[in-house]
Structure formats: structure tokens, C-alpha cells
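# Descriptive structure summary
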There are 2 protein chains.
Amino acid sequence: MIRALTILGVMLATALPVFAQSNKELVTSFKLENGMQVIVVEDHRAPVLQHMIWYRNGSADEPHGVSGVAHLLEHLMFKATDNMESGELSATVAANGGRDNAFTSYDYTAYFQRVAADRLELMMRMESDRMVNLRLTPENIQTERDVVLEERNSRVENNPRALFGEQMNAIQYYNHTYGRPVIGWRREVEELSLENVLAFYRTYYAPNNATLVVSGDVDPEQVRALAEQYYGVIPANPDLRERARPQEPPQTAARRMTFKDARVAQPYINRSYLAPERNTGDQEQAAALYLLAEILGGGTTSYLAEQLQFENQTAVYTGAFYSGQSLDPTTFDMVIVPAEGVTLEQAETAMDDAVAGFIKAGVDPEQLDRIKMQLRASQIYARDNVDGIANRYGRALSTGLTIKDVQDWPDILQAVTGEQIIAAARDVLIPETSVTGWMMRQEEVSQ
Amino acid sequence: MIRALTILGVMLATALPVFAQSNKELVTSFKLENGMQVIVVEDHRAPVLQHMIWYRNGSADEPHGVSGVAHLLEHLMFKATDNMESGELSATVAANGGRDNAFTSYDYTAYFQRVAADRLELMMRMESDRMVNLRLTPENIQTERDVVLEERNSRVENNPRALFGEQMNAIQYYNHTYGRPVIGWRREVEELSLENVLAFYRTYYAPNNATLVVSGDVDPEQVRALAEQYYGVIPANPDLRERARPQEPPQTAARRMTFKDARVAQPYINRSYLAPERNTGDQEQAAALYLLAEILGGGTTSYLAEQLQFENQTAVYTGAFYSGQSLDPTTFDMVIVPAEGVTLEQAETAMDDAVAGFIKAGVDPEQLDRIKMQLRASQIYARDNVDGIANRYGRALSTGLTIKDVQDWPDILQAVTGEQIIAAARDVLIPETSVTGWMMRQEEVSQ
């Protein structure tokens, strides 16, 4: 999913604001001369705004051996700059009645503030400042590395589900950087240096690697003027390369793993399959997979729930998951938590039989219609959520999609047929690219 | 020119003596001023010599995403230099009645010539020339990339055992570069560029990253004088960094995989465990693992063979393998090929039961003595093999060991006790770090 920026595309994008309307979302998009993309989503119902900056780099862009540097840098972005004290940005946001935070994922790192609509300039002044003026010390690294290690302790080391997930992921990907945890492998996090962090910062924290998304009670022309004033003066990084991660070789071996931990209260099975992602101008198969996940395991009325939780009470929980929003191939996941007295082996067989039965029977047209209607409704409700809108565009633009892709998506979902869903299931739910994980209670310590 | 470690290869390799006694080897070692290490092993019984250069870089030193570059460069080292035509080196060796070749592994790349003892200077002149004067063209890359892809076709794509092994390896290592094939992932080999190759060449092909091993009918002082004349004038690479590959996070999940292929004539099971390697000054556990492999699966008198091939005829072949010669943690492997009518599941259970029985029963002192005696004998025979001696020192020096480590090894092996072998088995043969691969015949094509 590599977007070739044609000369024409660049000229159009920089010369003309594109007023693209998706249902009732009023979206304006333009590019600054230094390559920074700006998206404005107007919503004038309340005098608030969300100011977000999305960097098109995440943990999957880290060099091998320095996992966790993207996330550590996210923490360090709240330290001192040439113009701000450490912590000053967040304190200022809070003093102005707002809230701010940041998050790191495989494909992006994002920073946001939610504040009153008249504070936009202040946000831009501070956010543009830390894009280039961060002043890190070795002490900063040491302190924040300890914070991250503690975060890893509480979120991963003390959480068997997270440890299980990390290793499933490492087995799912033979070569792609999605096989490494976003927070980083502990021993690599322990070794992260100021040099590692600065190299990452200097490469990726540049306007031509960023998308600014401002949503809420804002005027696009005012956003443009301020963006030019604050972000437009920052030079592009001429050395920024096209995003290209190591890709997967053909996967032709069904994999399994068992994970035993004394802290596991409830054993369960997770099955993941390598699955195609949403690609620009080519979202149809992803849409079919999205609906497949909904139909198979999207709630208590889903196929797996009906078959395994209600019909024969094999499971106390079933689920299927697919988001498709990633730059490179992602996974389609299923989970089954067996009922009391049902073994993991029985549960897995029941799940596989249910999926095979589903593929054989085909999609129930009434269920498909019901799910499509629910999707429409949730998409309409989602428009009420200013944060959610900004996230939706920011995430899409950071994973190789365009505004048009975001706006086409609801209609593409509605157009998916039952046959396409079954075809997607046949294509993707194949043993050769799968990992089956058994999360087990450690009943006794061996030896 | 690659030594792909397929299961079959391992099976065949066990027939050969591997380690040689070194007490009576006449070894001289010195360093040139530019950091190049030189080892001379004298053997004056025949007027021949082996001239080898070992670069301390292999596929595990490749940047992520450019797998195969070490091996491609090995091929390209036979192209033109400032002073030689493409192919001239090998043609000259052949015209002088010798033979030459090269090989790439995870931790090293080595080039050797075996010639009459009076041709040493000629070998050094040519080998030192290509250390720095290689003149590659884009056409060279294109041509040799095709050669390597064809090599990959014949050795890997057309060989289910090799494909199976590649994916087992990728599952064994979550993070370390040992998880990638030495020959490279096909799609990455296809993309290797002149720039990739030159970057690797300029980093690693330097005297301070090389060990010269000359064995045979040579005089150490003459070797020194010639080495200074030819290699000593090449400047060290001041930017060469310490070797540090991404290391493994804790592995706590037993993994399994099934690989089905219509071309599989004989299904089998491969079990691998992450295992410590030989480390300088600290080879005792590796020695215990080495003997464990010999006792468990080192031939028809081994424990697994007796239990599973003769006592109850569950298997037609069993084997256990451990070399321990790698820079970073390696694997301990077991193989079982079930007899006709025995399922893979039954065979695996039988193998696990046999190993558990072995650990419980302890080592038979008579068997241990017999194996130690055989090792002594094979070490003595190995001294007759001039190539083997040079390989033994070159490989050791390229995987973090010293001459002393090589020379201590036979005595360390002899000192291992049955208790140490059982302790090593308990430490290393644990499910949490294991991969179990089922190689299966594809009976039918699904769907």
C-alpha cells in the first residue's frame, strides 16, 4: 500500500481545498508547502475542538533490535523543548480546561488535545514546537525508560493474556515487524539510548511525515492560516523514505501454541489468520472480512454465539475480530472460551465445525441485512463523536488510505453480498496461515 | 554455495566425525597490526595447504528486510576486481591444480582454496585483492541474483523439507535473526540491490573482521611474512561495530506446526528446543548437551534408537542433534520418522515418553564411556583432515570462541558426567521453548 504522489496529485492537493462531503461530515483537506497534510472536520454543535497530529511511523517502523523506541519517544514528547518546560504542554492544556494524551500503534503515533474552540492557536504553537524543538537529556531517557518498563510490567508481564498475545503475534509473523510488541521486548527497551530515540525523532518527526486533523467548531480557513503560521515554517525532512517494511514470505504451515500460567482463571483459545488489509481504492475484500467477523462473532446474535453458546452450550464466550486498518497485512481473529467441563480440544473442534458449517450453509440474508442496518446506525451515531471522527480520518490517512476511502467505506460495506463473505472466508480462513493458541491454567509445576 | 541445514543434511552429517582432538595440533596464532587474526596449523605430511579466510559476518548480521545479502555477496566475490577478471580467481586455482569454493552461514562467510604448498603467495595475492578491490556492476547483481534465485528454487522451493525447516526456524525465533533463512526470503532476494551488497561489503570485508586460517605444509614465519605483505597493507574499517544481534525475549509458549505437501514421501516429526551455545571459557553445558544428543540420538546404538526402533518398532529412524557452534543461542533438535502404521501422534508420544524415561533412568555409565571413547577416536582421525582442521578453527573463531576453547573442548567433553547430562536435559528439553513440527503427506487437496 504505497501511495505514489503524482505531480498532479500534489498540485491539486496544494492548490485547491477539496471539499469532500461524506454524508454529513464536512471535511476540508489541504497540504502545506512542506508536505504536511491537514484535514479539517467541521462540527459546530459545541464550541470545542480536537487537535491531533498523526505521525506516519509506529512500532513497525522501528529498526530491528530497538523495539519500543516509537513508544518511548511518545512518552518523551512531553519533556522539555527549547520553549517549554517538561510537562508544560499538558499542564497548559489542563489549565485551559482541556485534556491531552498520545498513543502509539504499529503504524502511527498520535498526539491530541481536546479543548475549547478558541484555544486552537495555543495548541498549534505547543504541538509544532515539540515537533522539532525537543531537548532530551540522558536523564530523561533513563527516567522514562523506567516508566515504560513499569508500564510493561503492569500491562504485559503481570498479564498472562498479554504475554500470550505477544507470542502468538511473534509466531503469526515470520518476518514482518508486526510480529514485535508495540511496547517493545523488555530487554530491548532496557537498552534504548538517547541516540536511538533521537535517530527516530529526527527521521520521522517532520511535517512531511505528519497529518494534522482538527475536528469540531473550527473554520477551515482559520485552521489553514494557523497551520501555515506554526507548522508551515518547519522544513520538510528531505531524507524521509517511502514506507517499506520487511514483508511476509509465503506461510504454508499451520501453527499452534500452548501457554500455561498459574494466573489463568479461564482457559481459552485464540485463532488468528493472516488477512489482507484495507487498501486504497481496493477495500472490497476487507469489507467482506469485516462483515464476516460481525456475522461470525460480532455479539450474542452472531453465528458462533448461537451455535456454541446457546444451541449446544460448548462455550461461554465466542468472538471474531477484524479491523483491516493497517498498512500491511493484518489478522482475522477468533476466540472461544469453553464452558465448564468442555476441554479446549472439544471447544476447538466445535469452533472449526461451526465455521465449516457456516461456510457450507452460506450467509443468512436476514442476518446480513440486520447487521448492515446496525452498521449504518452506528456510523450515524459515530458522527456525534468529534474525537472518533478525528481518529477515523487520522488512522486511515496513517495506514495508506485516503479521505475518499474513508468516505466510501460505509457504502462498500453495504454493497457486500453473502457470496463475497463466504468467498472471503474460504480465502482467508485457511490452516496454512493460521496460529491457534491455547491459553491454559497451569495446574501443576512439572518436575 | 550454501550449506542449508535440512533435516536430511543433518542426518547425513552425523555419519561424519565432527570434532577433532587438538592437543597435538601445532597451532600458531598472531594478529596483524590492522587487527586481522591469523592462525597457522602445521601438518607436514603432504605438500599441500588450505588457505581460508573467514569473515565474521553471516546472514544473521544482515539488516532486517535484506535477507540473503551475505550469501549473494559470497557469490559476487568471484566477479571482477581491479586486478582480476570475473572468474579469474577460480580459474587460476584450477590451473594450479587446486580447488576453491566458499560458504555462508548464520555467523560467518568463508572462502577457501586447497592447493600445492608452494602456491600460498598466489592465493594470498588473489584473496587479499578481492577483500577490497571488488568492482561490481548492476549487471553482476542482476545475473547473480538470478543464479541465487535458481539455487533457492532447487534447494528450497522444490524441497518440502527445506520449506518445513525454514518455517520451523521462523517460529523458533521470535526476534533473533537466526529465524531467517541463510539464503534469504525469496521476495527479499528478488529486491537485493547493488547498494545493499556494497553496504554489506564495505562494512564487513575488512581485515579487522577476518580470520585467516592456513593449514597444511606451511611455515608460520613464512605465512606471517606473506600475510603482512598482502593483508597487512589493507586498512582496518574503523567503523566496524561489536557484533550484537537482536536477542530473544523469554519464550514461554510451546509451539507446534503442521506442514502438508503432496511431495512428502515419508512423514516425520522434528522437535527443536532453544538451547545455549558454546561460549568462551564456558563450554560445560554445551558439552553436556553435545553428549546428550549423542546418547539420545547419535546412531543406531543410541537410546531413542534402542527404545523406538528396536524395542517396540515405533520408528524407522530417530535422531538428536546439537552442535552448539553459534554466536547466539541455538537449538537442540530431535527427529522421529514413524514406522508404517504408526501415526505421527503415536510417534510423538513415544518419543516424549522415551525422553522422560531416559531422564528418569539416568545415563548408563557404560554407554557414556563408549561414546566418550568413540569421540576420542573420531577426534584423532579428524586430525588427518587438513580441511577439517582449518574449518574447526575458523568456525570457532567466527562464533566467539578462542583457540584455547577449541583445544579445551575434547577434555571438557571427556569430563562430562551422567548427572550433568541429565541436568542439561532437564534445563533445555522444556516445552515452553520448543517447536514441534509435523511434516505430513498431503493426502488430498481441500476445497
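Residues numbered from 1 in each chain as written. Chains lettered and ligands numbered in written order. Predicted model: local features only at pLDDT ≥ 70, side-chain atom pairs only at ≥ 80, totals over all residues.

Within chain A, the secondary structure is distributed over 16 helices and twelve strands. Split into buried and exposed, the 447 residues of chain A put 49% on the buried side. Counting only contacts in chain A whose residues sit at least 6 apart along the sequence, the fraction spanning at least 24 positions is 79%. (Helix = DSSP H or I, 4+ residues; strand = E, 2+ residues; numbered from the N terminus. Buried ≥ 20, exposed ≤ 12 C-beta atoms within 10 Å, placed from the backbone. Contact = placed C-beta atoms within 7 Å.)

Peptide bonds are, in most cases, trans, and in most cases residues other than glycine have a negative phi. Positive phi values are uncommon outside glycine, yet Q313(A) reaches one of about 50°. Tracing the backbone shows Q313(A) in the loop between helix 11 (303-311) and strand 10 (315-321).

With that out of the way, let us pick up the relation of the copies chain B and chain A. Turning one copy of the chain about an axis and sliding it along that axis gives the other copy, so a rotation and a shift relate them. At an RMSD of 0.1 Å, chain B and chain A line up after a rotation of 180° and a shift of 0.0 Å along the axis. Taken together, the turn and the small shift mark the pair as related by a two-fold rotation axis. No C-alpha of chain B approaches the rotation axis more nearly than that of R256(B), which lies at 2.3 Å. Of all interface residues in chain B, 100% are interface residues in chain A too; the two copies therefore contact each other through one and the same surface. (Least-squares fit on C-alpha atoms with pLDDT ≥ 70 in both.)

Looking now at the sheet that holds strand 1 (residues 26-31) of chain B. Residue and element names in this part refer to chain B. With respect to topology, six strands assemble into an open sheet ordered 1-2-6-3-5-4, the strand pairing being mixed. The open sheet is flanked by strand 1 and strand 4 (99-104), the only strands paired with a single partner. Averaged over all pairs of adjacent strands, the angle between strand axes in this sheet comes to 15°, irrespective of strand direction. Contacts from helix 14 (residues 386-397) reach strand 2 (37-42), strand 3 (48-55), strand 5 (109-116) and strand 6 (210-216), with the element oriented near 160° to strand 6. (Pairing = 2+ DSSP bridges. Axes fitted to C-alpha atoms, helices over the stretch in contact; angles between N-to-C directions.)

This brings us to the interface of chain B and chain A. Taken together, the contacts link 26 residues of chain B with 26 residues of chain A. Listing elements by their share of the side of chain B that touches chain A, those giving two or more residues are helix 6 (160-172), helix 7 (186-189) and strand 7 (253-261) of chain B. Residues of the side of chain B that touches chain A, tallied by class, amount to eleven nonpolar, eight polar and seven charged. Here strand 8 (residues 253-261) of chain A pairs with strand 7 of chain B via seven bridges, running antiparallel. (Nonpolar A, V, L, I, M, F, W, Y, C, P; charged D, E, K, R; others polar.)

So, on to the pairing of strand 2 (residues 25-31) of chain A. Residues and elements named next belong to chain A. The buried fraction of strand 2 amounts to five of the seven residues, a majority that puts the element mostly inside the structure. Bridge analysis of strand 2 against strand 3 (residues 37-42) gives six bridges, and the strand direction is antiparallel. Bridging across to strand 3, T28 finds its partner in V40. Between strand 2 and strand 3, which pair antiparallel in sequence order, lie five residues; one of them, G35, sits at a positive phi of approximately 95°.

The next point concerns the nonpolar core. Counting residues in each nonpolar core, the largest one holds 253 residues, and the members touching the most others are L289(A) and L289(B). The contacts of L289(B), once residues within four sequence positions are left out, are A275(B), Y322(B), G324(B), F332(B), A424(B) and V428(B). (Core = buried A, V, L, I, M, F, W, Y, C linked by C-beta atoms within 7 Å.)

Let us look at the packing of helix 2 (residues 69-76) of chain A against helix 5 (residues 138-157) of chain A. Residues and elements named next belong to chain A. At a closest axis distance of 10 Å, the pairing of helix 2 and helix 5 adopts a crossing angle of 115°. By the angle between their axes, helix 2 is roughly perpendicular relative to helix 5. The two elements helix 2 and helix 5 cross, and the hand of that crossing is right-handed. Every residue of helix 5 that contacts helix 2 at H71, L72, H75 and L76 is listed here: N140, E144, R145, V147 and V148. Looking at the contact of helix 2 with helix 5, its residues break down into four nonpolar, three polar and two charged. (Parallel < 35°, antiparallel > 145°, perpendicular 65-115°, else oblique. Left-handed = near helix turned anticlockwise from the far one by under 90°.)

Okay, the pairing of strand 3 of chain B next. Residues and elements named next belong to chain B. In terms of burial, strand 3 is a largely internal element, eight of the eight residues being buried. The alternating pattern of strand 3 places V48, Q50, M52 and W54 and L49, H51, I53 and Y55 on opposite faces, both of which are buried. Where strand 3 meets strand 5, eight bridges bridge the pair, whose relative direction is antiparallel. Directly across from V48, in strand 5, lies its bridge partner A116. With seven bridges connecting them, strand 3 and strand 6 associate as antiparallel partners. Across the sheet, the residue bridging to Y55 is A210, located in strand 6.

Another point: the confidence of the model for chain A. Averaged over every residue, the pLDDT of chain A is 92; residues scoring 70 or more account for 94%. In the predicted structure, residues 1-22 of chain A sits below a pLDDT of 50 and forms 28 contacts with residues beyond four places in sequence or in another chain. (pLDDT = per-residue confidence, 0-100.)

Strand order in the open sheet formed by ten strands is 10(A)-11(A)-9(A)-12(A)-8(A)-7(B)-11(B)-8(B)-10(B)-9(B), with mixed pairing between adjacent strands. Where the open sheet ends on each side, the last strands, each with one partner, are strand 10 of chain A together with strand 9 (315-321) of chain B. The mean angle between the axes of side-by-side strands here comes to 15°, regardless of whether they run parallel or antiparallel. Pairing of strand 8 (residues 268-275) of chain B with strand 11 (residues 434-441) of chain B, which is carried by six bridges, proceeds in the antiparallel orientation. Within strand 11 of chain B, the residue paired with S272(B) across the bridge is V435(B). Contacts between helix 12 (residues 344-361) of chain B and the sheet are confined to strand 8, strand 9, strand 10 (330-338) and strand 11 of chain B, with strand 10 of chain B contributing the most and set at about 125° to the helix.

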